[in-house]
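Examination of the molecular architecture
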2 protein chains.
Amino acid sequence: MVDWHHLSDGERALLERLFWTGGLSRGDLAASVDFSKSKANMAIASLLGRELIEEGGVQPSTGGRRPELLRLSHGMGVLAAIDIGATSIDVALLAPDMTLIDHRSEAADVHAGAPLVFARVRNLLRQMRERHDIAAGRVLGIGVGVPGPVAFDSGMLVNPPLLPGWETFSIRDCLAEEYAAPVFVDNDVNIMALGTHWRLRGQLRNFLVIKIGTGIGCGIICHGAVYRGTDGSAGDVGHICVDPHGPLCHCGNAGCVEAMAAGPAIARMAEAAAHAGESALLKELLDRNGVLSPMDLGNASRAGDAAANAIVQQAGGWIGRMLAAVVNFFNPSHIFIGGGVAKVGPLFLASIRQSVYQRSLALSTRHLDIQYVPQVESAGVIGAGVMAVQETMLAGPERR
Amino acid sequence: MVDWHHLSDGERALLERLFWTGGLSRGDLAASVDFSKSKANMAIASLLGRELIEEGGVQPSTGGRRPELLRLSHGMGVLAAIDIGATSIDVALLAPDMTLIDHRSEAADVHAGAPLVFARVRNLLRQMRERHDIAAGRVLGIGVGVPGPVAFDSGMLVNPPLLPGWETFSIRDCLAEEYAAPVFVDNDVNIMALGTHWRLRGQLRNFLVIKIGTGIGCGIICHGAVYRGTDGSAGDVGHICVDPHGPLCHCGNAGCVEAMAAGPAIARMAEAAAHAGESALLKELLDRNGVLSPMDLGNASRAGDAAANAIVQQAGGWIGRMLAAVVNFFNPSHIFIGGGVAKVGPLFLASIRQSVYQRSLALSTRHLDIQYVPQVESAGVIGAGVMAVQETMLAGPERR
């Protein structure tokens with residue numbers, strides 16, 4: 001086990017630069033932290049000696065000799081990443097530079113309860129380790145994303161609406177039976193935001209990731225770091241009101257965006273259109289399957305069905321109205337849209353954009369870019385891996 | 001002129017601790033920055049030698065010898081603070097520890113134009129300096145708050161709705177004719193948030209200051225620092241929609257909270273109630289003055305007038321509805337309410353609170369505290385002074 005307490009602040013700063021950039025030449029690394037040449041060289045020598053970094057990989061040359069890249073050493077150990085969805089579990093092993101060593105995604109039902117789900121998670125992890133001959137003691141840190149509110153310091157879920165009963169289950173204690181590594185738990189959308197942040201090399205300082213599925217959540221990167229708020233509930237945008245005269249939400253208030261434009265609401269609107277005879281195509285899909293999913297609606301919309309298009313535009317418009325309020329308040333540079341419902345098609349993104357640009361102040365949208373989450377398939381496990389590295393290796397002593 | 005470039009990171013960290021705490025004993029200062037004893041002592045000696053800090057003041061003893069406090073040296077110079085309101089100018093000179101040396105507040109009309117307003121500002125500053133025998137060269141930094149959107153890096157206003165014509169006036173160039181000190185400009189509500197942050201000794205990490213006057217604006221402290229957003233427009237909450245079926249706003253959208261609950265909207269509602277015969281008291285005030293102000297409404301409300309109370313409750317409810325959206329997104333620990341309209345009375349604050357607690361998620365409001373801005377009279381000039389110190393003395397070389 002590496003003892004991170006023995007790192008100096010300078011050494012930690014170098015590791016952090018290498019982690020976020022994916023690798024730098026000696027010269028670029030020293031320059032990126034504003035150290036004197038001798039201080040940088042001493043810290044680099046110390047990290048090389050302790051096998052925390054290694055030379056390897058060659059940078060594309062701009063002429064002259066190609067400089068060797070320094071990077072985080074693969075020899076120091078691995079990170080385990082776990083991303084629990086409402087209907088899936090993803091488990092991965094990653095090298096310290098976030099190279100995927102192995103990644104398994106399986107269907108799962110969180111209603112089976114946390115003990116069963118985590119028994120499967122531990123099995124999957126064990127199989128992966130055996131396949132790659134990695135002992136449990138080589139796991140440096142474990143990051144876990146869950147689809148519900150988390151008290152970050154304790155790692156416990158807090159009244160999770162989609163995960164009844166999980167609030168009494170300690171993910172930390174369960175994993176501690178097999179791993180000595182520290183375990184960090186956060187909600188899935190913060191994890192997705194962190195994964196996106198890392199993919200973009202930490203270059204965006206203030207942006208949002210919106211996940212639209214059964215619920216609607218938002219991950220916030222502010223001043224270059226995940227922002228969790230006072231109680232860990234920051235980004236809980238699903239219950240922002242978009243129409244005080246709108247339908248009642250399960251939270252007790254009227255017109256919450258989640259009650260009007262998340263997956264279940266969209267499916268309900270599609271079924272209503274089918275029953276009302278507004279769309280032969282939706283009717284046919286409903287008759288065949290007994291229910292309609294947001295994906296069915298997306299397929300109908302892509303096939304040019306007018307009623308489906310109207311529903312997609314309406315839902316996108318409501319989400320855009322919620323985001324307009326958030327944009328006026330937060331003035332982000334980017335909003336990335338993800339989650340299952342984001343896949344209903346390009347008209348959905350276009351409707352969100354139109355609504356945001358219409359309802360936000362001109363100054364707030366001058367540089368605003370709204371697009372899909374990049375490389376969404378592995379954003380969850382990458383995000384959980386990034387959290388594990390940040391909290392284990394890069395956090396100063398006051399954080400641990 | 002002090003050369004801040006010669007400060008080491010360690011020395012800067014010590015100055016920062018002394019600035020935010022108001023003074024610490026040697027032992028507490030060294031402990032607060034996690035330096036070794038020898039490194040702390042060396043940095044303290046260096047700062048004492050350069051007369052940037054001084055010994056003075058005695059801490060309340062907890063028994064034993066009373067330790068002498070270290071604090072920022074009054075000898076190093078002064079800060080100038082300027083707070084421009086829509087109808088007032090405040091000018092102050094402050095010691096580096098934010099002791100007010102002199103403070104003048106005068107009525108002013110920003111429509112007279114920036115050159116005239118700043119001619120008065122420079123006059124007031126010069127008179128103050130003469131009164132206290134302080135040469136222009138002793139001014140270390142100048143902080144300026146203005147009631148409009150500011151591009152922080154350039155210090156220029158951007159399309160300020162309340163300050164037509166000011167966008168072509170360089171406050172920096174104007175003050176540079178008399179002062180060599182760097183000039184920093186920000187909008188009034190960021191300044192008020194920063195002043196509040198300093199008053200609270202920097203102990204709150206994530207909170208909001210809402211200013212309700214002719215418009216509605218919000219200053220954001222996030223991760224312990226002012227958050228300005230991508231284009232400097234963060235906190236522009238006045239155009240968040242609280243009712244899509246509401247009245248048209250001058251921005252072109254319907255139901256903006258500013259169009260429904262800021263000063264002019266409140267005065268309009270009061271006048272309508274007077275004309276409709278709903279309140280004898282408001283009618284009497286209207287007949288006497290020809291117009292009604294938010295203050296008239298507040299006086300009627302405090303006198304128990306039912307129509308006035310209904311208007312105050314309605315306006316507070318709309319502001320609370322906007323804040324509920326912001327609370328769900330940002331999960332702050334505190335919201336401080338300030339600005340002229342905040343003075344309409346306790347029923348206003350109570351209505352805001354009720355509306356926020358009703359419309360926000362329980363988890364987001366578990367620790368939420370909503371109250372008035374503390375010591376609001378000097379929050380503006382203190383905030384401008386804090387900004388001047390932060391940007392001049394405490395910012396690392398990459399910031400200047």
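Within each chain, residue numbers correspond to sequence positions counted from 1 in written order. A letter from A marks each chain and a number from 1 marks each ligand, given out in the order of writing. Given that this is a predicted model, residues contribute local features only at a pLDDT of at least 70 and side-chain atom pairs are listed and counted only at 80 or more, while totals for whole chains, interfaces and linings are drawn from all residues. Calculation of side-chain values draws on the structure's entire complement of heavy atoms; hydrogens and water are dropped beforehand.

**Details of the overall build of chain A**
- What counts as a helix is a DSSP run of H or I of at least four residues, what counts as a strand is a run of E of at least two, and both are numbered from the N terminus. When helices and strands are counted, chain A shows 14 helices and 15 strands.
- If one aligns the C-alpha atoms of chain A with their principal axes, the spans along those axes are about 75 × 50 × 40 Å.
- Exposure is judged per residue with a 1.4 Å probe applied to protein chains only, and the accessible area is read against the type maximum: over 50% gives exposed, under 20% gives buried, and values in between give partly exposed. Taken over 400 residues, chain A has a buried fraction of 59%.
- Counting contacts in chain A only where the partners sit at least 6 residues apart, residues at least 24 apart contribute 62% of the total. Here, two residues are considered to be in contact whenever any of their heavy atoms come within 4.5 Å of each other.

**Describing unusual backbone geometry**
Residue and element names in this part refer to chain B.
- For His223, which is not a glycine, the phi torsion comes out positive at approximately 50°.
- Inspection of the secondary structure puts His223 in the loop between β12 (216–222) and β13 (225–226).
- The backbone of Asn331 shows a phi angle near 45°, a positive value even though the residue is not glycine.
- Relative to the elements of secondary structure, Asn331 occurs in the loop between α11 (306–330) and β14 (334–338).

**So, the relation of the copies chain A and chain B**
- What sets the superposition is a least-squares fit of C-alpha atoms, and only residues with pLDDT of at least 70 in both copies go into it. Under the fitted operation, chain A is carried onto chain B by 0.0 Å of movement along the axis and a turn of 180°, and the coordinates agree to an RMSD of 0.0 Å. Each copy turns onto its partner about a two-fold axis. In terms of C-alpha distance to the rotation axis, chain A has A:Asp243 as its closest residue, with the C-alpha 3.2 Å off the axis.
- The fraction of interface residues of chain A whose copies in chain B are also interface residues reaches 100%, indicating that both copies meet through the same surface.

**Considerations on the interface of chain A and chain B**
- Taken together, the contact between chain A and chain B spans 47 residues of the former and 47 residues of the latter.
- Buried area between chain A and chain B, both sides added, is near 4,000 Å², and the carbon and sulfur share of it is 55%.
- By salt bridge we mean one thing: a side-chain nitrogen of Lys or Arg within 4 Å of a carboxyl oxygen of Asp or Glu. Inspection of the chain A/chain B interface yields zero salt bridges.
- Pairs of N or O atoms within 3.5 Å make up the polar contacts considered here, provided that, within protein, one atom can donate a hydrogen while the other can accept it, and that residues adjacent in sequence are counted only when both atoms are side-chain atoms. Connecting chain A to chain B are 28 residue pairs in polar contact (both at pLDDT 80 or more).
- Elements with a minimum of two residues in the side of chain A that touches chain B: β12 (216–222), β13 (225–226), α11 (306–330), α12 (346–359) and α13 (362–365) of chain A.
- Among the elements that make up the side of chain A that touches chain B, the one with the highest residue count is α11(A) (six residues).
- Charged means Asp, Glu, Lys or Arg here, nonpolar means Ala, Val, Leu, Ile, Met, Phe, Trp, Tyr, Cys or Pro, and polar covers whatever is left, Gly included. For the side of chain A that touches chain B, the class distribution of residues is 24 nonpolar, 16 polar and seven charged. The term buried area refers to how much accessible surface (probe radius 1.4 Å) is lost by two components on association, counted for both of them together.

**Some thoughts on the packing of α11(A) against α12(A)**
Residue and element names in this part refer to chain A.
- A fitted line through C-alpha atoms serves as each axis, taken over the contacting stretch for helices, and the angle formed by two N-to-C directions is quoted from 0 to 180°. One can describe the packing of α11 onto α12 by two numbers: an axis separation of 7 Å at closest approach and a directional angle of 40°. Regarding the angle of α11 to α12, the classification is oblique. α11 and α12 meet at a crossing whose hand is right-handed.
- Across the contact of α11 with α12, the residue classes break down as ten nonpolar, eight polar and two charged. Working rule for angles: under 35 degrees goes down as roughly parallel, over 145 as roughly antiparallel, 65 to 115 as roughly perpendicular, anything else as oblique. A crossing counts as left-handed when the near helix is turned anticlockwise from the far one by less than a right angle, and as right-handed when that turn is clockwise.

**Focus on the nonpolar core**
- Residues A:Phe329, A:Ile337, B:Phe329 and B:Ile337 are the most contacted members of the largest nonpolar core, which totals 102 residues.
- With residues up to four places along the chain from it excluded, the contact list for A:Ile337 reads A:Ile210, A:Ile212, A:Leu323, A:Ala342, A:Leu349, A:Ile352, A:Ile370, A:Gln371, A:Tyr372 and A:Val373. The term nonpolar core refers to a set of buried residues drawn from Ala, Val, Leu, Ile, Met, Phe, Trp, Tyr and Cys, joined through side-chain atoms within 4.5 Å.

**Digging into the packing of aromatic side chains**
All names here are of chain A.
- The criterion for an aromatic pair is that two Phe, Tyr or Trp rings (for Trp, the six-membered ring) have centres within 6.5 Å, with stacked assigned to planes under 30 degrees apart, edge-to-face to planes over 60 apart and tilted to the rest. Counted according to the given criterion, the structure contains 15 aromatic pairs over all chains.
- A ring pair is formed by Phe19 and Trp20, whose centres lie 5.8 Å apart and whose planes are at 85°; its orientation type is edge-to-face. The same class applies to Phe19 and to Trp20, which are both buried.
- Ring centres of Phe19 and Trp198 lie 6.0 Å apart, and the angle between their planes is 40°; on these two criteria the pair is classed as tilted. Here Phe19, found in helix α1 (residues 9–21), pairs with Trp198, found in helix α6 (residues 188–199); they are 179 residues apart in sequence, far enough to count as distant.
- Residue class for Phe19 comes out buried when judged on its relative accessible area of 1%.

**Examining the side chain of B:Asp83**
All names here are of chain B.
- Mapped onto the secondary structure, Asp83 falls in strand β4 (residues 78–84).
- A residue counts as positive if it is Lys or Arg and as negative if it is Asp or Glu; His and the chain ends are not included. Within the buried set, Asp83 has no salt-bridge partner at all; the shortest N-O distance to an opposite charge, 5.6 Å, is to Lys211.
- Apart from residues no more than four positions distant in its own chain, Asp83 is found in contact with Ser88, Ile89, Asp90, Gly145, Asp188, Gly380 and Val381.

**Topic: the pattern of salt bridges**
All names here are of chain B.
- Under the criterion given, the structure shown has 28 salt bridges over all chains.
- Here Arg12 ties to Asp9 by a salt bridge, and the two come within 3.6 Å at their closest N and O atoms. Of this pair, Arg12 and Asp9 both sit in helix α1 (residues 9–21), three residues apart, which is roughly one turn of the helix.
- Note that Arg131 and Asp102 form a salt bridge whose closest N and O atoms lie 3.0 Å from each other. One end of the pair, Arg131, is in helix α4 (residues 114–132); the other, Asp102, is in strand β6 (residues 100–107), with 29 residues separating them in the sequence.
- Judged by relative accessible area, which is 15%, Asp102 ranks as buried.

**Quick word on the pairing of strand β7 (residues 139–146) of chain A**
Residue and element names in this part refer to chain A.
- Counting buried residues along β7, eight of its eight residues qualify, which places the element largely inside the surrounding structure.
- For two strands to count as paired, DSSP must find a minimum of two bridges between them. Judged from the six bridges that link them, strand β4 (residues 78–84) and β7 form a sheet pairing that is parallel. Following the sheet pairing, Ala80 is matched in β7 by Ile142.
- Here β7 runs beside strand β10 (residues 183–187); their pairing, made up of five bridges, is parallel. For Ile142, the partnering residue across the bridge sits in β10 and is Val183.

**Brief notes about the sheet that holds β10(A)**
Residues and elements named next belong to chain A.
- The strand order across the open sheet built from five strands is β6-β5-β4-β7-β10, with neighbouring strands paired in mixed fashion. A strand with exactly one partner marks an edge of an open sheet, and here the two such strands are β6 (100–107) and β10. Averaged over neighbouring strand pairs, the angle between their axes works out to 15° when direction is ignored.

**Examining the domain arrangement of chain A**
Residues and elements named next belong to chain A.
- Domain segmentation is taken from an automatic or database assignment of domains. By domain assignment, chain A separates into domain 1 (4–75), domain 2 (77–197 + 378–399) and domain 3 (201–373).
- Spacing between the C-alpha centres of domain 2 and domain 3 amounts to 27 Å.
- Tallying the contact residues gives 14 residues for domain 2 and 18 residues for domain 3.
- The junction of domain 2 with domain 3 conceals about 1,500 Å² of combined surface from both sides, 64% of it contributed by carbon and sulfur atoms.
- For domain 2, the biggest contributors to the area lost against domain 3 are Val189, Met192 and His197; these three give 40% of the whole.
- At the boundary of domain 2 with domain 3, the tally comes to two salt bridges.
- With a closest N to O distance of 2.9 Å, Lys211 and Asp188 form a salt bridge.
- Put simply, domain 2 and domain 3 have five residue pairs in polar contact (both at pLDDT 80 or more) between them.
- Secondary-structure elements contributing two or more residues to the side of domain 2 that touches domain 3 are α6 and α14 (379–394).
- Among the residues making up the side of domain 2 that touches domain 3, the classes are represented as nine nonpolar, three polar and two charged.

**Some remarks on the sheet that holds strand β11 (residues 207–212) of chain B**
All names here are of chain B.
- One open sheet holds the five strands; their spatial order is β13-β12-β11-β14-β15, and the pairing between them is mixed. Edge positions in the open sheet fall to β13 and β15 (369–372), since each of these has one partner strand only.
- As judged from the six bridges shared by β11 and β12, these two strands associate in the antiparallel manner. Its bridge partner being in β12, Phe207 is matched across the sheet by Ile221.

**Digging into the side chain of B:Asp102**
- Within polar-contact distance, the side chain of B:Asp102 engages the side chain of B:Arg131 at 3.0 Å.
- In this structure B:Asp102 touches B:Val91, B:Ala92, B:Leu93, B:Met128, B:Arg131 and B:His132, once residues within four positions along its chain are discounted.

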